[in-house]
Amino acid sequence: MMIEKERLQTKINEMITYFPWYRDYLSSMEPDDLLRLPLITREILEKHYYHQDFNPAWKIYQTSGTSSRKRKKIVYSKEDDQEYLDKKVHIYARFLQDKPIRTAMSDMGTGHAANTAMEVFKSVGLICEDIPYHLPVQDHVKLLKQFRPDCLYTMPSILESVLSATDHPEQFGIQKVILVGEVASAQWQNKVASRLRIDRKEIMDTYGSIEIGTIAYYSHEHGCYLFVEGLVPEGIRAEELGLDEDLLREDERILALTSFSRKTFPAVRFVTYDVVRGFKPIHVAGKMVPSFKSLVKRVGTEWKHGEKISFYDIEEAAFRYLDKATIWIQVDHNKLLVWIDSPYITDFIRKQIQVDIQDQIPEIGIMIRNGILDEIQVNVVTDPKQFQTDRVKKKVIHHKQWERH
């Protein structure tokens, strides 16, 4: 991966300035090759980044829990925030330019994307309103009918709930949809377009993360996701991270990212744990641009359900009631299923665990109770062998056994 030596050295020096611990992970060699630098894994971030004290002038966002039982903290400086906004404004303005779009509505739950949505759309030149995440789904429908936005900015799981709560979503008057936050398959997008009475090309799926910001967007012209400028993506094999190689198909890779603009996050070979399919460079406007065909899933210990929720959040809730258990996690079309095998579990305990898991991240609990997100289903395993067949194994994202000490 050819990157100018001076540019790479500047980025490394910046990393050391912001994160002195990074020096300890560098080998003694001259750092002139990106691929010889260390991968920034979940373990490194938990040790050095997520729980440190940050500059009070920076914006702090909290997401899912870690092995330390604390929620992750991720920060943005004023410079990082401006870069984040500028990239979104550029991508969104280009997507909206072919229609007379005057208004936008954000229905995004919580987090960085939700907090900055109004500013982004106002910068594009639109009149914008947002729907508070704590309102019941019927109020989301009501506000959409009242405001009739030309463009809707939302997450797939929220849009699914809104569409299920009305018989005539075409009455919203939506002409364009911008998605972010979760996997949105082509088949699902086709169904959404049909219900809204718009063409599929009027839906733009974007891919981002709280750590990096906007990462890629779907180009209908090229039939794939294109990475934003300033990012250097890599496709990592599962075994390079000490994971089972059977987790991925031959054409799948775990994404690692280097950002030359993000400063208050250690974005040099940052492992996202997101799996992409069809990762390759393509010709766009006379130059080679990295791309991928589809975003498939996440591997590791964290998933997206409105907000990020981790295995540690689930474990924390289950451990309040059970002395011993084996837990499996499954994700099915953005629905989160928890399977528990324990000699101590009863139906009453199962229900308590389900409530507690949903409330580990308070924002998730509120959205579930208001019908904006699906419930996180907790199920009792009646036959552990069902998780030992090849067919089911490929669906299992995480498996862990623990006991009270």
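Residues numbered from 1 in each chain as written. Predicted model: local features only at pLDDT ≥ 70, side-chain atom pairs only at ≥ 80, totals over all residues. Heavy atoms only, no water.

Draft legend 1. Structural detail: helix α4 (residues 112-124). Its 13 residues give α4 an end-to-end C-alpha distance of 18 Å, which sits within 8% of 18 Å, the value for a rise of 1.5 Å per residue. The sharpest bend along α4 reaches about 35° and sits at Met-118. The set of residues buried in α4 consists of His-112, Ala-113, Ala-114, Thr-116, Ala-117, Val-120 and Phe-121. Directly beyond the C-terminal end of α4, a positive phi value near 100° is found at Gly-125. (Helix = DSSP H or I, 4+ residues; strand = E, 2+ residues; numbered from the N terminus. Expected span 1.5 Å × (residues − 1). Bend = angle between axes of the 7 residues up to and from the residue. Buried < 20%, exposed > 50% of the residue type's maximum accessible area, 1.4 Å probe, protein only.)

Draft legend 2. Fine view of the sheet that holds strand β11 (residues 252-259). Spatial strand order, β10-β11-β12-β15: four strands in an open sheet with antiparallel pairing. Looking at which strands have only one partner, the edges of the open sheet turn out to be β10 (231-236) and β15 (294-298). Along the sheet, successive strands turn relative to each other by an average axial angle of 40°, direction set aside. One ladder, built from six bridges, connects β10 with β11; its direction is antiparallel. By the bridge assignment, Leu-231 is partnered in β11 with Ser-259. (Pairing = 2+ DSSP bridges. Axes fitted to C-alpha atoms, helices over the stretch in contact; angles between N-to-C directions.)

Draft legend 3. Inspection of the packing of aromatic side chains at higher detail. Tallied over the entire structure, the rule returns 20 aromatic pairs. On the numbers, 5.1 Å between centres and 80° between planes, the contact of Tyr-49 with Phe-265 is edge-to-face. Of the two residues, Tyr-49 sits in the loop between α2 (42-48) and β1 (59-65) while Phe-265 sits in the loop between β11 and β12 (270-277), which places them 216 residues apart along the sequence. By relative accessible area, which is 0% here, Tyr-49 ends up buried. Between Tyr-61 and Tyr-76, the ring centres sit 6.1 Å apart and the planes meet at 90°, which makes this aromatic pair edge-to-face. Of this pair, Tyr-61 sits in strand β1 while Tyr-76 sits in strand β2 (residues 71-76); the two residues are 15 residues apart in sequence, bridging distant segments of the chain. Take Tyr-61 and Tyr-76: they sit in the same class, and that class is buried. Members of the aromatic cluster, each reached through a chain of ring pairs, are Tyr-18, Phe-19, Trp-21, Tyr-22, Tyr-25, Tyr-49, Tyr-50, Phe-54, Trp-58, Phe-265 and Phe-270. Taking the ring centre of Phe-95 as reference, the NZ or CZ of Lys-176 above it sits at 4.3 Å. We note Arg-200 situated over the ring of Tyr-218; from NZ or CZ to the ring centre the distance is 5.6 Å. (Phe/Tyr/Trp six-rings, centres within 6.5 Å; stacked < 30°, edge-to-face > 60°. Lys NZ or Arg CZ within 6 Å of the ring centre and 35° of its normal.)

Draft legend 4. Quick look at the packing of helix α6 (residues 156-164) against helix α7 (residues 186-196). Taken N-terminus to C-terminus, the directions of α6 and α7 make an angle of 40°; their axes are 12 Å apart at the nearest point. As the angle between them shows, α6 and α7 are arranged oblique. As for how α6 packs across α7, the hand of that crossing is left-handed. Packed against α6, whose contacting residues are Pro-156, Leu-159, Glu-160, Leu-163 and Ser-164, the element α7 presents Trp-188, Val-192, Arg-195 and Leu-196 at the interface. In terms of residue class, the contact of α6 with α7 is built from six nonpolar, one polar and two charged. (Parallel < 35°, antiparallel > 145°, perpendicular 65-115°, else oblique. Left-handed = near helix turned anticlockwise from the far one by under 90°. Contact = heavy atoms within 4.5 Å. Nonpolar A, V, L, I, M, F, W, Y, C, P; charged D, E, K, R; others polar.)

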